[in-house]
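# Structure assessment
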Amino acid sequence: CSTADVIGTKDVMYQGYVIDEDMLKLVKEGSSREQVILSLGEPSTTATFDNEVFYYISQVKERRFTFQKPRLVGQEVLAIYFNDSGRVDRIARYTMQDGNIVDMVSETTPTGGKDITFLQQILQGTGRNAARDFFQSAGGGGGSAIP
Amino acid sequence: CSRDKDVDITTLKYESDPPQQLYDEALANINAGKTSEALRKFKAVQDQSPLSDYARKALVMQTYIQYSSRKYEAAVTSGQRYLDLYPNSEDAAYVQFLVGQSYSKQIVNVTQDQSFAESTIAAMQTLIDKYPDSEYVPQARAQIRYARDQIAGKDMQIGRYYLERKDYLAAISRFDSVVDDYSDTNQIEEALYRLVEAYYAMGIVSEAQNAAWVLGRNYPDSKWYDRAYSLLNKKGLEPQSAGRGSDVSSVTNR
Amino acid sequence: AVVNNIVVKGTGTTGTDAVKSKLTIVPGKSFSDADINQSIRNLYSSGYFSNVAISVSGSTLVVDVTENQMINQLVFNGNRKVSDKKLQGAVQLRSLGPYNEAQAQLDAQRIKDAYAQIGRSDVEVNIETANVGDNRVNVAYVIDEGGRTKIRKINFVGNDTFANARLAGVILTKKSTPLSFLTRKDIYNPDQLRADESMLRDFYNNHGFPDFRLISTDVDYDEDSNSYTLTFTMSEGERYKFGNVGVSTSVEGVDVEGLQREIDTRQGKVYDADKIQQSSESIAAAVSSQGYPFAQVNPRGDRNFTDNTVSVNYEIDQGVKAYIERIEITGNTRTRDFVIRREFDLAEGDAYNREMIARAKRRLEGLGYFSSVNISTQPGSAPDRVVIVVDVEDEPTGSFSIGAGYDAEGDALVLELGVEERNFLGRGQYIKASAGAGNDDSQIYNFSFTEPFFLGYRLAAGFDLYRAYSSSQDYYDYTETAGDIRLTAPLTNELSTTLMYSYQNFEYGGKGAWYEDKNLSPIFQDLIEGGPWTVSSIEQSFNYSSVDSRRLPREGVLAAVTNKVAGLGGDSNYYAITGKARVYQMLSDQADIIGSLTVRGGYVTPFDDNLNVFDQFTIGGQQIRGFEQSGIGPRTEQGNSLGATTYATISAEANFPVPLIPEDISLRGAAYVDAGTAFGNKVDVSSAGPIEGTDSALRASAGIGLIWNSPFGDLRFDYAIPFAKEDYDEVQRFRFGIANTF
């Protein structure tokens, strides 16, 4: 493998909506909702309680080595606001700079449902097919301490 | 290899007891706590006089015993057979309830497949639709709520998974689906709060404020609202309605 | 027509109202012929009646039935291998139900099918009935189970390039061997045969034969020997190599040069369909990285019939512009949702990319937690939205295992019993606990745990605990307790690096007259008195593996380089570097001869001026066959090996199926030449007599070996004769051990 493989080329990931600049030019104030969908496609998401706002969200992430978590390096949100008569009223673009640091609250709302316990899994997993597995996965090589 | 001993069939006599006697013996066994013996006798009643009313009653009891001794799959099969054979008998609602309960007891935690939760909802909904004035309807509604909490819980768990990885779009659409379709579950408060977190992290502050405002208006003393409030407050922001979507209930019956 | 009452004739045990409840005709209501037919059908389908006739006389409906006999008791006799409960599940008739002859015959066949599934096709079932009066009868299915149906022979016809032994290794159905009752792989079953056929096809497509065709697979069952013979007849077609390989795109803006590096299918190499698919996946990922997530990669191959090459052109086209609305994971009754979801590089809301999803499927199958992984796409809530449905089926991932291993000193062989769980609590974690014992009452205990996604990173973090006792030496025994914590990071899908801290604590106990200098060198006496010793070290290693199979590699390279620093406390202070590499190459496909070349080396140097005995390398039979375990390198006059500061060994080996021995005992032969040296000593020897073997004399040996692929792992019997050695080296020509491939 070439050295580049070893160091690991930068893995860039384009996630979410893929913005197409010239299609975006077709959308201007006064365009109807259908025109927007025709040129930009369905929005990534709409405002939570009604669809007075279309959000097109796209992100760019990078990671140098396969074991790393992809790091958010670029983010663009295209927000299209509609007035009461369903016409484009205003277009806004939010970028990485607008983002805020949020450390997620770790507490979660409790949920039910039974969970498999260690004992259950060992009995269920190994018990049921112990015979079949007993010889099939013949392991070799013990804890030899010799190089 | 199994050691079932062989049987000489010429010696086996035919014995069949009247269904009622068998049925009463079975009931006695239950009270004596010998459930497998009772189960055997209830099955004998059905085999020996399949078309008698005792056979029907025996099938109800069989479903009940299997359910209470945690053989849920068997209970569902027996219950389903009863509902096919005797759809509008007077115990049909009870058996439908037992079937729903058998599914509900097999619901697993939210990080795994929730098909049992879905089956619970389907079974209990059938009970409510087919036997509207049955005494089990309130319990059926409670089980549906519990199952819906689970399904919403699964969406939340996946939403948090994406939020942690900063896949805000994926996270928001999962939380949105809880707000849109599961706003009557116990997850709604956290769903609204996570929307505040996600939109605030992306910098779309107006949406964050709106979600916080809705959370505050519907659940003013929820700890999730306190968290939303303090999160926005860091930058001196206030929960504020964007003039749309006044309260959650309007959302649910949209 | 209308009747005003119904008369039922011929009923005995079943009540008249039972018959009436089956009719669709009610007194006083008009009915048609169709109702009569329907009623007749209902009565027959109940199974209680052998004959039904319905007629109308005047205003009365006459239903004349003759009842089937009723079964009083249904039993199974003569069954040993399959339980009554299981057989009852397979048959239709049951106690207290109606009896009819035709159904009984069908049941007999169902019983035979049940036995065929566990490999017994020579089963006789006959039906006995005994009257009990009152039209009731007892029924018995008397089963003669016959012997286990074996697979006597698996033939391959038309395989000019690959040896039978090799193809037998590719398919899952195996020939019957004396031990096959343990693994049960010698059961003939049709769907397994379908799977074998596709495995053969994949094998040939991945080893240079795009035109491979399986002409026929015939299975003939020989009555008297109660065994099957399978014959795969095939036409291999020509063997192809890759011609020129290129990338082209119809999507402007895609930089094609940068993509060459993603291609695994290099010119001149043997044609390999799987490598083409993997290359497409990495090209797609690279193109997506350039900002074209929708792109699709379609490999086009065109053949050059004259020089038997296939040139491959990876065409990048604009895929359908669709977004993933949701990834629905179903069927995971044990594995957690996030363990599956994290194998996807795409998230919900991202562009739909066919190759990236194929890569996720490949990763999920690689985990080994699922018996099946099916990914399908369904339409989403909008025309440009797609829902990915990942339906998995959990399989039990826990297993007992018996294996052979070495004791602490690497001298005595121990038999290890282990419990392993590869998907602990469905979280993808790995747990193994094993205990072993061997001769010279040596014992060995191991516990290891690994979390594959440590803190959300694709980092495998884990720890191991190890305890061993062995007294294979004459004058001292050895007790060791050790623990380590480790972190492994994948760099590419073949190369990974591991960082590990380990803490070892061990003791030497004197045996017999160990205190006499003539028996045991004073150096070792100090070891016994100076114990317990501790070594606290940190090591970093690169591990590379591109072999085609872990069990019996035929192509590819295994390599590892380790840097170790001991001295974070403890009694050892040194730096050591060790390296090993093994290259596999097929010497002959026809005869299935595998060639391999192994190179090892190591050097240790102390930070202050001396090393302990346990710091230096123990070199011997494991590296150069024909010598004792610590047979070469510096040693005291009493013959105690001090280990060496430097060693280098090389070994060339050819491994082949043993010609004469019938194939069914999976035995392979080996011939090899080993050579190497071990020298240098930094142990303080002032208190001991003269030391021999510190110079770098070359040792070499040649030998043959037998490798038995047993249920306990690959066991190896070697006989090697050293032809270049020092007189103080300790020779051991015969050696029994485990054939660790590395």
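From a predicted model like this one, the values you see are computed outputs, not experimental measurements.

If you tally the helices and strands in chain C, you get eleven helices and 34 strands. Its C-alpha atoms give chain C a radius of gyration of 35 Å, clearly above 27 Å, the size a compact globule of 742 residues would have. Judged by the C-alpha coordinates and their principal axes, chain C covers about 125 × 75 × 50 Å. Looking at chain C as a whole, 50% of its 742 residues qualify as buried. Sequence-distant contacts, at least 24 apart, represent 60% of the contacts inside chain C between residues at least 6 apart. Of the roughly 32,000 Å² of accessible surface on chain C, a fraction of 53% belongs to carbon and sulfur atoms. Distance between charge centres in chain C, computed from 70 positive and 99 negative side chains, equals 5 Å.

Reports of interface size often rely on the accessible area that becomes lost once the parts have come together. Listed by partner, the interface residues are 32 residues for chain B and 44 residues for chain C. Interface of chain B and chain C: buried area, both sides summed, is about 3,100 Å²; carbon and sulfur atoms make up 49% of it. Put simply, chain B and chain C have two salt bridges between them. Between arginine 174 of chain B and glutamate 348 of chain C there is a salt bridge, with its nearest N and O atoms 2.5 Å apart. The interface formed by chain B and chain C includes eleven residue pairs in polar contact (both at pLDDT 80 or more). Broken down by secondary-structure element, the contributors of at least two residues to the side of chain B that touches chain C are α2 (35–48), α7 (137–164) and α8 (168–181) of chain B. Here the element with the most residues in the side of chain B that touches chain C is α7 of chain B; it accounts for six residues. For the side of chain B that touches chain C, a count of residues per class yields twelve nonpolar, eight polar and twelve charged.

Here we come to the packing of aromatic side chains. Residues and elements named next belong to chain C. Applying the stated criterion across every chain yields a total of 39 aromatic pairs over all chains. Ring centres of phenylalanine 203 and tyrosine 204 lie 5.7 Å apart, and the angle between their planes is 90 degrees; on these two criteria the pair is classed as edge-to-face. As far as the burial class goes, phenylalanine 203 and tyrosine 204 line up, both buried. Both rings, one in phenylalanine 506 and one in tyrosine 508, keep their centres 6.2 Å apart while their planes meet at 90 degrees; by these two values the pair is edge-to-face. Each member of the pair, phenylalanine 506 as well as tyrosine 508, is classed as buried.

On inspection of all chains with the given rule, the structure shows 54 salt bridges over all chains. Put simply, arginine 227 of chain B and glutamate 107 of chain A hold a salt bridge, and the shortest N to O gap is 2.4 Å. Within this pair, whereas arginine 227 of chain B is found in helix α11 (residues 223–233), its partner glutamate 107 of chain A is found in the loop between β5 (88–95) and α4 (118–128), the two belonging to separate chains. Accessibility expressed as a relative area gives 31% for glutamate 107 of chain A, which makes it partly exposed. Among the salt bridges present, the one from aspartate 464 of chain C reaches arginine 486 of chain C, with a minimum N-O distance of 2.7 Å. Highlighted residues: aspartate 464 of chain C in strand β21 (residues 460–470) and arginine 486 of chain C in strand β22 (residues 476–490), separated in sequence by 22 residues.

Here the focus is empty space enclosed by the protein. A full pass over the atoms with the stated rule returns three cavities of 30 Å³ or more. In this structure, the largest cavity occupies an estimated 90 Å³ of space. Along the walls of the largest cavity sit Met13, Tyr14 and Gln15 of chain A together with Ser288, Pro293, Asp345, Leu346, Asp350, Ala351, Asn353 and Met356 of chain C, which together make up its complete lining. Top contributing element to the lining of the largest cavity by residue count: strand β1 (residues 11–16) of chain A, with three residues. Among the residues making up the lining of the largest cavity, the classes are represented as six nonpolar, three polar and two charged. Computed from the structure, the second largest cavity encloses a volume of approximately 60 Å³. Elements supplying a minimum of two residues to the lining of the second largest cavity: β1 and β3 (53–63) of chain A together with α8 of chain B.

The subject of this paragraph is a nonpolar patch on the surface. Residues and elements named next belong to chain C. A contiguous nonpolar surface patch, about 620 Å² in accessible area, is contributed by Ile704, Leu706, Phe717, Tyr719, Ile721, Phe734 and Phe736. At three residues, the largest contribution of residues to the nonpolar patch is made by strand β33 (residues 713–724). In this structure, tyrosine 719 sits in strand β33.

The next subject is a negative patch on the surface. Together, Asp526, Glu529, Asp608, Asp609 and Asp684 of chain C give the surface a local cluster of negative charge. With respect to the helices, strands and loops of the structure, glutamate 529 of chain C is situated in helix α11 (residues 522–530).

Further remarks concern the sheet that holds strand β8 (residues 150–157) of chain C. All names here are of chain C. Spatial ordering of the open sheet is given by β8-β10-β9, a layout of three strands whose pairing is mixed. Strand pairing shows two members of the sheet lacking a second neighbour, β8 and β9 (213–222), which therefore form its edges. When strand polarity is set aside, the average angle formed by the axes of neighbouring strands in this sheet is 15 degrees. Inspection of the sheet shows β9 paired to strand β10 (residues 227–235) by nine bridges, in the antiparallel sense.

As a further point, take the sheet that holds strand β14 (residues 323–330) of chain C. Residue and element names in this part refer to chain C. Ordered by their spatial adjacency, three strands build an open sheet running β14-β16-β15, and the pairing between neighbours is mixed. Looking along the sheet, the strands with just one partner apiece sit at the ends: β14 and β15 (370–379). Each strand of the sheet is rotated relative to its neighbour by a mean of 15 degrees, with strand direction disregarded. Where β14 lies against strand β16 (residues 385–394), seven bridges are found, and the strand directions are parallel.

The next thing to look at is the nonpolar core. Membership of the largest hydrophobic core comes to 76 residues, with the highest contact counts inside it found for Tyr55 of chain A, Tyr162 and Val196 of chain B together with Ile327, Ile388 and Val390 of chain C. If you tally residues by element for this core, the top one is helix α9 (residues 188–202) of chain B, at eleven residues. When sequence neighbours within four positions are dropped, the list of residues in contact with valine 390 of chain C reads Ile327, Glu328, Ile329, Thr330, Ile340, Phe344, Leu364, Asn374 and Ile375 of chain C. Grouped together as the second largest cluster of nonpolar side chains are 30 residues, Tyr478, Phe614, Ile632 and Ala688 of chain C included.

Right, let's talk about the confidence of the model for chain C for a bit. On average, chain C scores 88 in pLDDT, and the residues at 70 or more come to 97%. Interface confidence in the predicted complex, given as ipTM, is 0.86; pTM for the same model is 0.82.

With that out of the way, let us pick up helix α6 (residues 115–130) of chain B. Residue and element names in this part refer to chain B. With 16 residues, α6 should cover 22 Å at 1.5 Å per step; its first-to-last C-alpha distance of 22 Å lies within 8% of that length. Taken residue by residue, α6 has Ala117, Thr120, Ala123, Met124, Leu127 and Ile128 as its buried positions. Buried residues in α6, looked at end-on, bunch into an arc of 140 degrees, giving them a common side. Looking at α6, the residues exposed on the side facing more than 90 degrees away from the buried face are Asp129 and Lys130. Packed against the buried residues of α6 are α5 (92–105) and α7.

Right, let's talk about the side chain of serine 289 of chain C for a bit. Within the fold, serine 289 of chain C resides in helix α8 (residues 273–289). For serine 289 of chain C, the side chain forms a polar contact with the main-chain oxygen of valine 12 of chain A, separated by 2.5 Å. Sequence-distant contacts of serine 289 of chain C, that is, excluding residues within four places in its chain, are made with Asp11, Val12 and Tyr14 of chain A.

Our next topic: the confidence of the model for chain A. In this model, chain A carries an average pLDDT of 77, and 75% of its residues clear a pLDDT of 70 or more. Taken as a whole, residues 126–147 of chain A scores under 50 in pLDDT and shows 64 contacts with residues more than four places along the chain or in a different chain.

Moving on, we come to unusual backbone geometry. For residues besides glycine, phi is generally negative; the peptide bonds are generally trans as well. Residue proline 532 of chain C follows glycine 531 of chain C across a cis peptide bond; omega there is -15 degrees. As for its position among the elements, proline 532 of chain C is in the loop between α11 and β24 (533–545). One non-glycine residue, lysine 166 of chain B, lies in positive phi territory at about 65 degrees. Relative to the elements of secondary structure, lysine 166 of chain B occurs in the loop between α7 and α8. Located in the positive-phi region is aspartate 592 of chain C, a residue other than glycine, with phi close to 55 degrees. Secondary-structure assignment places aspartate 592 of chain C in the loop between β26 (574–588) and β27 (593–606). For aspartate 592 of chain C, a relative accessible area of 0% puts it in the buried group.

Moving on to the side chain of glutamate 197 of chain B. With respect to the helices and strands, the residue glutamate 197 of chain B is situated in helix α9. Polar contacts involving the side chain of glutamate 197 of chain B include one to the side chain of arginine 194 of chain B, which spans 3.0 Å.

All names here are of chain C. Following the sequence through the fold, leucine 611 ends up in the loop between β27 and β28 (635–636). Using a relative accessible area of 4% as the deciding quantity, one classes leucine 611 as buried. Sequence spacing of leucine 611 and serine 572 is 39 residues, and the spatial spacing of their C-alpha atoms is 7.0 Å. Discounting residues that sit within four places of it in the chain, leucine 611 has contacts with Asn573, Tyr574, Val604, Pro606, Gln616, Thr645, Lys682, Val683 and Asp684.

Reading the values: rules and limits
Residues numbered from 1 in each chain as written. Chains lettered and ligands numbered in written order. Predicted model: local features only at pLDDT ≥ 70, side-chain atom pairs only at ≥ 80, totals over all residues. Heavy atoms only, no water. Helix = DSSP H or I, 4+ residues; strand = E, 2+ residues; numbered from the N terminus. Rg over C-alpha atoms; globule rule 2.2 N^0.38 Å. Buried < 20%, exposed > 50% of the residue type's maximum accessible area, 1.4 Å probe, protein only. Contact = heavy atoms within 4.5 Å. Areas by Shrake-Rupley, 256 points an atom, 1.4 Å probe, with all protein chains shown as cover. Lys, Arg positive; Asp, Glu negative; His and termini not counted. Charge placed at Lys NZ, Arg CZ, Asp CG, Glu CD. Buried area = accessible area lost by both parts, 1.4 Å probe. Salt bridge = Lys/Arg side-chain N within 4 Å of Asp/Glu carboxyl O. Polar contact = N/O pair within 3.5 Å; in protein donor to acceptor, adjacent residues only side chain to side chain. Nonpolar A, V, L, I, M, F, W, Y, C, P; charged D, E, K, R; others polar. Phe/Tyr/Trp six-rings, centres within 6.5 Å; stacked < 30°, edge-to-face > 60°. 1 Å grid on protein atoms, 1.4 Å probe; cavity = no way out; pocket = protein on both sides within 12 Å on 5 of 7 lines; lining within 4 Å. Points joined across faces, edges and corners; volume = space filled by probe spheres on them. Patch = residues over 30% accessible without salt bridge, like charges linked within 9 Å, V, L, I, M, F, W, Y side chains within 5 Å. Pairing = 2+ DSSP bridges. Axes fitted to C-alpha atoms, helices over the stretch in contact; angles between N-to-C directions. Core = buried A, V, L, I, M, F, W, Y, C linked by side-chain atoms within 4.5 Å. pLDDT = per-residue confidence, 0-100. Expected span 1.5 Å × (residues − 1). Arc of directions from axis to C-beta.

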